[in-house]
Amino acid sequence: MQRPHPPEDFSLKETSPHLGGGGLTGDKLTSTYDLVEQMQYLYVRVVKAKDLPAKDVTGSCDPFVEVKLGNYKGTTRHFEKKSNPEWNQVFAFSKDRIQASIVEVLVKDKDFVKDDIMGRVWFDLNEVPKRVPPDSPLAPQWYRLEDRKGDKVKGELMLAVWMGTQADEAFPEAWHSDAAAVSGDGLANFRSKVYLSPKLWYLRVNVIEAQDLQPSDKGRYPEVYVKALLGNQALRTRVSQSRNTNPLWNEDLMFVAAEPFEEHLVLSVEDRVGPNKDEVLGKCVIPLHSVERRLDYKSVNTRWFNLEKHIIVDGEKKKDTRFASRIHLRICLDGGYHVLDESTHYSSDLRPTAKQLWKQSIGVLELGILTANGLLPMKTKDGRGTTDAYCVAKYGQKWIRTRTIIDSSTPKWNEQYTWEVYDPCTVITIGVFDNCHLHGGDKSGGAKDSRIGKVRIRLSTLETDRVYTHSYPLLVLHPSGVKKMGEVQLAVRFTCSSLLNMMHIYSQPLLPKMHYLHPLSVTQLDNLRYQAHQIVSMRLSRAEPPLRKEVVEYMLDVDSHMWSMRRSRANFFRIMGVLSGLIAVARWFDQICVWKNPLTTILIHILFIILVLYPELILPTIFLYLFLIGVWYFRWRPRNPPHMDTRLSHADNVHPDELDEEFDTFPTSRPSDIVRMRYDRLRSVAGRIQTVVGDLATQGERLQSLLSWRDPRATALFVTFCLIAAVVLYVTPFRVVSLLAGFYVLRHPRFRHRLPSVPLNFFRRLPARTDSML
């Protein structure tokens, strides 16, 4: 049995890496990539060749270029029978691995037996110029080809050779010596990329009515409803209450649509003629690019659409144009909402869809993805464990993916990315994955990229203009329990352009106004979020190279809404943690009331008398007390960004069966006896929750029954007490009443009874509605 990791293994560690090329201040080198360690590369850009000599009997050549540096060799694609080929390919060789003093560029002729060398160009590495962004790219030049002896031969090659860093714009597209073992098919899956998730809209379809429907059976009242389809989203109205050929609905249907609009909205009016038997009375197809867009809740004009009906004539489907059934609709793309595609707890963007409603950005978020340490082997290759790790980061619509580092448990990425920030109360998510698509692209037998772990950083927890360099534990919950998969080292900086604008954001609603003025129901939002997940993962998996469905779903926390005993327990203890402060204050006050520490109780008496005699000091005293507490806690403020907490998640001591339940499919795939046991356990937990909710409802109903005359005697007593209290309080100064009440509450234990007080006894005897429940 594997021994559990000690808790300190799961902690966040502060690091001090060499950022910006070792912190060379004043050097241009630090101007672009100052959050990561500078990595030196030799770049060779092979542009084209001209006047290449004919090498075979046909009087032509099949040229390609080979770039050699020590043991590393990169080749371009070859052209058949072409003496003036254009390649425009870039090769990058890591300086750390350079073992030779010259780089050789060979032009070869592709041959079945042995490739012929047509000529070469070589460079001494000591003579290669350095390029430092933001300087312009180095211009390629023509070089005459030489043979092995150094004599000029026919043909010229256009090249550019320079030393640069990973900040070079050629870096993402380059062939890397690090990936020399990766085949041509898998090379696209190796490179770093930036992706944009599609712009999402809420499509609102208000189905009002239909006219002149023609059901096939005239002798019955039609049961008509409308079915709406948008891509793989399908919604339907209820059956119209008006059982005639002019049905009325006036019902809203909501969809998620993504730009560019590839699918059309298809509406079909159907008649339920029998159980599981529906007759289509007419259809209409509406292209979304013709639909009106609105920014607020101003009414959109309604439109009538003709319903087309298809009939079979001689085995062919034709439109029936003998009638003119119509449907009355109000359709719009609602740009005033933010389309939720992430869990609301970890949102990275809260802006409305319509760009006209966006506020000015308040700052910039910079992320340096440095290295990872101690990554566990994720797959087996040639009989040994290996990991091909890459990172994905998501903030707003921009997703980034680093290059894959082949076969390394300590990969060094040193890539830096930037995002505009519109709201500090947002979260950036960074995930680490194992690439399973490097050999043969998508032909890996349906293999999925494995999760290594992820990190979430809330921007509002970061101080502005400070560089945070930490090593974050990569924690993943497996069916066997929580497991540390390694650590990822990040550098994060949040730069604020205007402190005033950022402070103003804290006074604004979290979501756009439409969410509050015309809110969507919780069920609606859940369904729409599911559709948004599907659209985003489908669009990004169609990119080149694809950002795969399993990666997108893990980054968006698609399964966070699923039931989990562990999460429920963790949330219960979170609530208890929040209430513990109130409970502690109540206990402290109880100790004062029972004179546990007489000196403290006497001081509270003095403070109480001062506040009653000078009531204008009450509020200042409260706020001064809160100020002093805040200042006192400043010394214990968090110094590090938040990270995954196994103790808070109750992942370090979870029961194996509860873990198995959490990883079960939906619907369940477990045997019936296990499902029955889990169902009984869920019933017992739900029963306790039901009891607590019922107790809260009971207290509220007792309060209502004070004046509702459900218990006429109790209400009569309370009403009489209220009248007497009104008269007494009217003639007695408020300060005297307050002093008497305070002294009564703080009275000495010898004047107290162990039995509950009269008001509490009275309240507990009041009726609730529990006796009316089945």
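Rules of the game
- Residues numbered from 1 in each chain as written.
- Predicted model: local features only at pLDDT ≥ 70, side-chain atom pairs only at ≥ 80, totals over all residues.
- Heavy atoms only, no water.
- Helix = DSSP H or I, 4+ residues; strand = E, 2+ residues; numbered from the N terminus.
- Rg over C-alpha atoms; globule rule 2.2 N^0.38 Å.
- Buried < 20%, exposed > 50% of the residue type's maximum accessible area, 1.4 Å probe, protein only.
- UniProt positions renumbered as here; feature names shortened; annotations may be inferred.
- Pairing = 2+ DSSP bridges.
- Contact = heavy atoms within 4.5 Å.
- Axes fitted to C-alpha atoms, helices over the stretch in contact; angles between N-to-C directions.
- Parallel < 35°, antiparallel > 145°, perpendicular 65-115°, else oblique.
- Left-handed = near helix turned anticlockwise from the far one by under 90°.
- Nonpolar A, V, L, I, M, F, W, Y, C, P; charged D, E, K, R; others polar.
- Salt bridge = Lys/Arg side-chain N within 4 Å of Asp/Glu carboxyl O.
- Phe/Tyr/Trp six-rings, centres within 6.5 Å; stacked < 30°, edge-to-face > 60°.
- Lys NZ or Arg CZ within 6 Å of the ring centre and 35° of its normal.
- Domains from an automatic or database assignment.
- Core = buried A, V, L, I, M, F, W, Y, C linked by side-chain atoms within 4.5 Å.
- Disulfide = S-S within 2.5 Å.

Examining the overall build of the chain
A count of helices and strands for the chain gives 14 helices and 32 strands. Scaling as 2.2 N^0.38, a compact globule of 774 residues should have a C-alpha radius of gyration of about 28 Å, whereas the chain reaches 36 Å, well beyond that. Its C-alpha atoms give the chain principal-axis dimensions of roughly 120 × 90 × 55 Å. Taken over 774 residues, the chain has a buried fraction of 42%.

Side note on the UniProt feature "transmembrane region" (unreviewed entry) in the chain
The positions that UniProt labels "transmembrane region" (unreviewed entry) are, in the present scheme, residues 572–589, 601–634 and 716–746. Annotated as 90% helix and 0% strand, the span residues 716–746 places its first and last C-alpha atoms 30 Å apart.

As for the sheet that holds strand β31 (residues 467–478)
As summarised here, the arrangement of the five strands in space is β1-β31-β32-β23-β28, forming an open sheet in which the pairing is antiparallel. The sheet is open, and its two edges are formed by β1 (13–14) and β28 (412–421), each paired on a single side. As paired strands, strand β23 (residues 363–373) and β28 are joined by eight bridges and run antiparallel to one another. Across the sheet, the residue bridging to Leu-367 is Tyr-417, located in β28.

Some points on the side chain of Glu-279
Structurally, Glu-279 is set in strand β17 (residues 277–286). Using a relative accessible area of 17% as the deciding quantity, one classes Glu-279 as buried. Every residue in contact with Glu-279, bar those within four places of it in the chain, is listed here: Pro-215, Ser-216, Val-269, Glu-270, Asp-271, Val-273 and Lys-309.

Describing the packing of helix α7 (residues 598–613) against helix α13 (residues 734–745)
α13 packs onto α7 with a crossing angle of 160° between their chain directions and a minimal axis gap of 9 Å. Taken together, the axes of α7 and α13 are roughly antiparallel relative to one another. The interaxial crossing formed by α7 with α13 has right-handed handedness. Listed contacts from α13 to His-605, Phe-608, Ile-609, Val-612 and Leu-613 of α7 are Arg-735, Ser-738, Leu-739, Gly-742 and Phe-743. Its residues placed into classes, the contact of α7 with α13 shows six nonpolar, three polar and one charged.

What about unusual backbone geometry?
The amide bond that connects Glu-259 to the next residue, Pro-260, takes the cis arrangement and shows omega of -10°. Note on placement: Pro-260 falls in the loop between β15 (248–259) and β16 (265–274). With phi around 55°, Asp-212 is a residue other than glycine that occupies positive phi space. One can find Asp-212 in the loop between β12 (199–211) and β13 (224–230). Note on Asp-212: relative accessible area 43%, which makes it partly exposed. The phi angle at Asp-557 is positive, at roughly 55°, despite the residue not being glycine.

As for the pattern of salt bridges
Counted according to the given criterion, the structure contains 43 salt bridges. For Asp-388, the salt bridge goes to Lys-379, with nearest N and O atoms at 3.0 Å. Overall, Lys-379 belongs to the partly exposed group, its relative accessible area being 24%. Here Arg-566 ties to Glu-662 by a salt bridge, and the two come within 2.7 Å at their closest N and O atoms. Linking Arg-566 in helix α6 (residues 565–593) with Glu-662 in helix α10 (residues 656–662), this pair joins segments that are 96 residues apart in sequence. Both residues of the pair, Arg-566 and Glu-662, belong to the buried class. When salt bridges that share partners are traced, they join Asp-657, Asp-660, Glu-661, Asp-664, Arg-670, Arg-678 and Arg-681 into one network.

Focus on the packing of aromatic side chains
In total, this model carries 15 aromatic pairs according to the counting rule given. When the centroid spacing of 5.8 Å and the interplanar angle of 25° are considered together, the rings of Tyr-390 and Phe-433 count as stacked. Placement of the pair is Tyr-390 in strand β26 (residues 389–395) and Phe-433 in strand β29 (residues 427–434), with a sequence separation of 43 residues. Of the residues examined, Phe-433 reaches a relative accessible area of 0% and is grouped as buried. Cluster of aromatic residues (ring-pair linked, three or more members): Tyr-41, Tyr-43, Trp-162 and Phe-171. Between Arg-294 and the ring centre of Tyr-297, over which it is positioned, the NZ or CZ distance is 4.7 Å. Residue placement shows Lys-454 over the ring face of Tyr-554; its charged tip is 4.1 Å from the ring centre.

Describing the sheet that holds strand β11 (residues 193–196)
One open sheet holds the five strands; their spatial order is β11-β27-β26-β29-β30, and the pairing between them is antiparallel. At either end of the open sheet lies a strand with only one pairing partner, and these are β11 and β30 (450–458). Taken pair by pair, the neighbouring strands of this sheet meet at an average axis angle of 20°, ignoring direction. Where β29 lies against β30, eight bridges are found, and the strand directions are antiparallel. Counterpart to Val-432 in the pairing with β30 is Gly-453.

Details of the domain arrangement of the chain
In terms of domains, the chain is made up of domain 1 (40–189), domain 2 (200–334), domain 3 (355–556) and domain 4 (565–772). Centre-to-centre separation of domain 2 and domain 4, based on C-alpha positions: 53 Å.

Side note on the pairing of β26
Buried residues dominate β26, accounting for seven of its seven residues. Across the two faces of β26 the burial is the same, with Ala-389, Cys-391, Ala-393 and Tyr-395 and Tyr-390, Val-392 and Lys-394 all buried. Looking at chain direction, β26 and β29 are connected through six bridges and run antiparallel. Looking across to β29, one finds that Ala-393 is bridged to Ile-430. Where β26 lies against strand β27 (residues 398–401), four bridges are found, and the strand directions are antiparallel. For Lys-394, the partnering residue across the bridge sits in β27 and is Trp-399. The turn joining β26 and β27, which pair antiparallel and follow one another in sequence, is formed by two residues; a positive phi near 65° is taken by Gly-396.

A look at the nonpolar core
Ranked by size, the top nonpolar core spans 65 residues in total, and within it Trp-399 and Leu-490 carry the most contacts. When neighbours within four sequence positions are excluded, Leu-490 is seen to be in contact with Leu-367, Gly-368, Ile-369, Leu-370, Ile-430, Val-455, Ile-457, Tyr-468, Thr-469, His-470 and Tyr-472. Ranked by size, the runner-up nonpolar core spans 29 residues in total, among them Leu-203, Leu-281, Ile-331 and Leu-333.

Brief notes about the state of the cysteines
In the structure shown here, the tally under the stated rule is zero disulfides. We note that Cys-496 lacks a disulfide partner, and the nearest cysteine sulfur, in Cys-425, lies 12 Å from it. With a relative accessible area of 16%, Cys-496 lands in the buried category.

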